[in-house]
Amino acid sequence: MRDTIAAIATATGGGVGMVRLSGPQALAVAGRLFRPMNPAKSPETMPGYTGAFGRVCHGEQLLDEAVLFVYHAPHSYTGEDVAEFCCHGGEFVLSQVLAAVIAAGARPAEAGEYTRRALMNGRMTLTEAESVIDILAAQNTQSLRAALGAMEGALHREVLAAADTLTDCCAHISAWIDYPEEDVEEVSPPVLLARLNRVEATLFRLEHSWQQGQMVRQGIATAIIGSANVGKSTLMNLLSGRERSIVTDIPGTTRDVIEETVRLGDLTLRLSDTAGLRQSDDPIEQIGVERSRRALERCDLILAVFDESRPLTPEERQWLPALAGRAAVVIYNKQDLPPALTAEEKAAIAAVAPVSVSISAAAGTGLAELTEAIRQVVGLSHFDPTAAIIANARQLECITAARRSLGEGKPDVAKAYGRLCQKIGIIISVILSVLFLTLGRWFYGLYFVEPEIIQFGVQIMRFATVITLFQISAVIYMGCLRAAGDVKFTMYISLFSTIVVRVALSIVLGVWLNLGVIGIALA
């Protein structure tokens, strides 16, 4: 990055335009073109964060009047020396100034090179650099706030905290193993597992922020579906604010999927107006219906439109189950007409898709209720755009790989903890077994001649059998928990089951031995 780059940094056609230079020779190149009104000022001697008014000249040719702003490294966007010519915003004027800058020693900047230099010079992290394109592509308030949150380091801080925790765990284990003679705190498997579980929970939450992040940044893929002539195209035109779809009283007017990106409040919807779902002998309409079904399968949100001025049709009853388990908003259209949809029919619809609104697409009423219903269904009612959110596929892949690796490492810790629990269980079971045998000898010595002791021994054996069966169930349950990844409960069950099985075995052996002695004595 020893060369100096230049590019037009603003959209052309406005009142003011900017040509930006960045690199080690940025101030020298600017000095070859700039003629300040105050001769005492020159780009190379001006303090940082200051400006000067003057003329931009290519040789003796005047190109424009401009204000030159100067930033010294490392206190600039790129971390390098930066000079910015603020000229008039005409396209020809800016192109002339840029050509003069390139002729004076700079080269044209590549796409995104300013931000790449900021990244390479440590002015921003990779996630902050990626957020720049999200700021430029923001289509609504939430996507802009989410991009600004990422640029301020929300995701970077979350990931860095998780990485610090894992690094601390590794350092603690290494120090405990390599320096046993030092006063290093012993590694506690339960504490280690708890810390790993917290990191895994953070990664899991970040991984599941991907879908909401995509909805906020790129818009919600939305399919408007319904039978013919329920008002789908009228709703499409209402949401888009223009005559996007043809509206007639003839069923089957819409035969293809019509797409439009619209803003509804602070939501961005990528709408698809589809053909009416019905049986048709027209081969062209059949193609449109098939495309409607594919759009129904691929979309993130379904706007299912029903005509409240007529009863449910057989076709609607046929495709209604497709809404089950999907993010869907039921729209009862044509509120300006007398209702004919019965309460039983509405109950059948609500059993599949409980969120519904009533609107009149023709009159333009009910949009506020529709906006809130969409926010509720797609999970954006309590969405915090300033929180850490996965923004792109690269970030998602990294988070997923980290969570998968962490999940593969936790069973090793769990096995070590399980062996520790088994050792503790053996010790406790031996103590309980010795205690039982001692009390048993005292008990049998005291009541040796009583025949009821035999019945008591039988009851003890039954109890031991129940305990053993419980141990078998506990082992099966422990296996299920391990398969589900619940390490904490697995350890508890492992400890408890180890104690139970050894005490149960000692009880069985003790009872059999004592009953044998009693049998010999009575004989």
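Remember, it's a predicted structure, so these values are computed and weren't measured experimentally.

Along the backbone of the protein chain there are 16 helices and 13 strands. Counting only residues that meet the buried cut, the protein chain has 42% of its 523 residues in that class. If you take every contact in the protein chain between residues at least 6 apart in sequence, the share linking residues at least 24 apart comes to 67%.

Turning next to unusual backbone geometry. A cis amide bond links Ala73 with the next residue in sequence, Pro74, at an omega value of 0 degrees. Tracing the backbone shows Pro74 in the loop between strand 5 (61-71) and strand 6 (82-88). One non-glycine residue, Tyr49, lies in the positive phi region at around 60 degrees. With respect to the secondary-structure elements, Tyr49 resides in the loop between strand 3 (34-36) and strand 4 (50-58).

Caution applies to low-pLDDT parts of the model: their predicted coordinates are not meant to be read in detail. For the protein chain, the mean per-residue pLDDT works out to 77, and 72% of the residues sit at or above 70. Counting interchain partners and residues more than four positions distant, the pLDDT-below-50 stretch residues 480-488 has 8 contacts. Within the model, the stretch residues 515-523 combines pLDDT values under 50 with 10 contacts to residues more than four positions away or in other chains.

Within the structure shown, the criterion is met by 4 aromatic pairs. Aromatic pair Tyr49 and Tyr71: ring centres 5.4 Å apart, planes at 90 degrees, arrangement edge-to-face. Remark: Tyr71 occurs in strand 5 and Tyr49 occurs in the loop between strand 3 and strand 4; sequence separation between them is 22 residues. Looking at Arg20, its charged tip hangs above the ring of Tyr114, at a distance of 5.5 Å from the centre. In this arrangement the basic side chain of Lys346 is found over the ring face of Tyr332, its NZ or CZ atom lying 4.9 Å from the centre.

The next subject is helix 7 (residues 189-207). In a regular helix each residue adds 1.5 Å, so 19 residues correspond to 27 Å; helix 7 covers 26 Å between its end C-alpha atoms and thus fits that length. Of the positions making up helix 7, those classed as buried are Pro189, Leu192, Leu193, Leu196, Val199, Glu200, Thr202, Leu203, Leu206 and Glu207.

This next bit is on the sheet that holds strand 2 (residues 16-22). Pairing in this open sheet of 7 strands is mixed, and the strands run 3-4-5-6-2-1-7 from one edge to the other. The open sheet is flanked by strand 3 and strand 7 (107-108), the only strands paired with a single partner. Bridge count for strand 5 against strand 6 is 5 bridges, and the pairing is antiparallel. Bridged to Val70 within strand 6 is Ala83. Sheet strands touched by helix 3 (residues 113-120): strand 1 (5-8), strand 2 and strand 7. Its angle to strand 1, the strand with the most contacts, is close to 135 degrees.

With that settled, consider helix 2 (residues 91-103). Between its first and last C-alpha, helix 2 extends 18 Å over 13 residues, near the 18 Å set by a 1.5 Å rise per residue. For helix 2, every residue scored as buried is listed here: Leu94, Val97, Leu98, Ala100 and Val101. Burial along helix 2 is one-sided: seen end-on, the buried residues are contained in an arc of 160 degrees. Counted as exposed and oriented over 90 degrees from the buried face of helix 2: Glu91, Phe92 and Ala103. Among the structural elements, strand 1, strand 2, helix 1 (26-33), strand 4, strand 5 and strand 6 are those in contact with the buried residues of helix 2. At the C-terminal side of helix 2, Gly105 shows a positive phi close to 135 degrees.

Working note: regular strand, side chains alternate between the two faces of the sheet. One ladder, built from 3 bridges, connects strand 3 with strand 4; its direction is antiparallel. Its bridge partner being in strand 4, Arg35 is matched across the sheet by Arg55. Pairing geometry for strand 4 and strand 5, over 9 bridges, is antiparallel. By the bridge assignment for strand 5, Arg55 is matched with Glu65. What sits between the antiparallel neighbours strand 4 and strand 5 is a turn of 2 residues, in which Gly59 has the positive phi angle 70 degrees.

Once that is clear, we can look at the environment of Ser272. Take Ser272: it is sitting in strand 10 (residues 267-273). When its relative accessible area of 11% is taken as the criterion, Ser272 is described as buried. In this structure, the C-alpha to C-alpha distance between Ser272 and Ser292, residues 20 residues apart in sequence, is 8.8 Å.

Ordered in space as 9-10-8-11-12-13, the 6 strands form an open sheet in which the pairing is mixed. Both outer strands of the open sheet, strand 9 (258-264) and strand 13 (356-358), are each paired with one neighbouring strand and no more. Neighbour to neighbour, the strand axes of the sheet diverge by 25 degrees on average, direction disregarded. Here strand 8 (residues 220-226) pairs with strand 10 via 5 bridges, running parallel. Bridged to Ile220 within strand 10 is Leu269.

With that settled, the discussion passes to the pattern of salt bridges. Taken as a whole, this structure holds 17 salt bridges when the rule is applied. Via salt bridges that share partners, Asp3, Glu80, Arg107, Glu110, Glu113, Arg116 and Arg117 belong to a single interconnected network.

On the surface, Tyr77, Leu144, Leu148 and Met151 cluster together into a nonpolar patch covering about 300 Å² of accessible area. Structurally, Leu148 is set in helix 5 (residues 141-151).

In strand 9, alternate side chains face the same way, and those of Ile258, Glu260, Val262 and Leu264 are buried while those of Glu259, Thr261 and Arg263 on the opposite face are not. Pairing between strand 9 and strand 10: 7 bridges, direction antiparallel. By the bridge assignment, Val262 is partnered in strand 10 with Leu269. Taking the residues between adjacent antiparallel strands as the criterion, strand 9 and strand 10 are bridged by 2 residues, where Gly265 takes a positive phi near 65 degrees.

Reading the values: the criteria
Residues numbered from 1 in each chain as written. Predicted model: local features only at pLDDT ≥ 70, side-chain atom pairs only at ≥ 80, totals over all residues. Heavy atoms only, no water. Helix = DSSP H or I, 4+ residues; strand = E, 2+ residues; numbered from the N terminus. Buried < 20%, exposed > 50% of the residue type's maximum accessible area, 1.4 Å probe, protein only. Contact = heavy atoms within 4.5 Å. pLDDT = per-residue confidence, 0-100. Phe/Tyr/Trp six-rings, centres within 6.5 Å; stacked < 30°, edge-to-face > 60°. Lys NZ or Arg CZ within 6 Å of the ring centre and 35° of its normal. Expected span 1.5 Å × (residues − 1). Pairing = 2+ DSSP bridges. Axes fitted to C-alpha atoms, helices over the stretch in contact; angles between N-to-C directions. Arc of directions from axis to C-beta. Salt bridge = Lys/Arg side-chain N within 4 Å of Asp/Glu carboxyl O. Patch = residues over 30% accessible without salt bridge, like charges linked within 9 Å, V, L, I, M, F, W, Y side chains within 5 Å. Areas by Shrake-Rupley, 256 points an atom, 1.4 Å probe, with all protein chains shown as cover.

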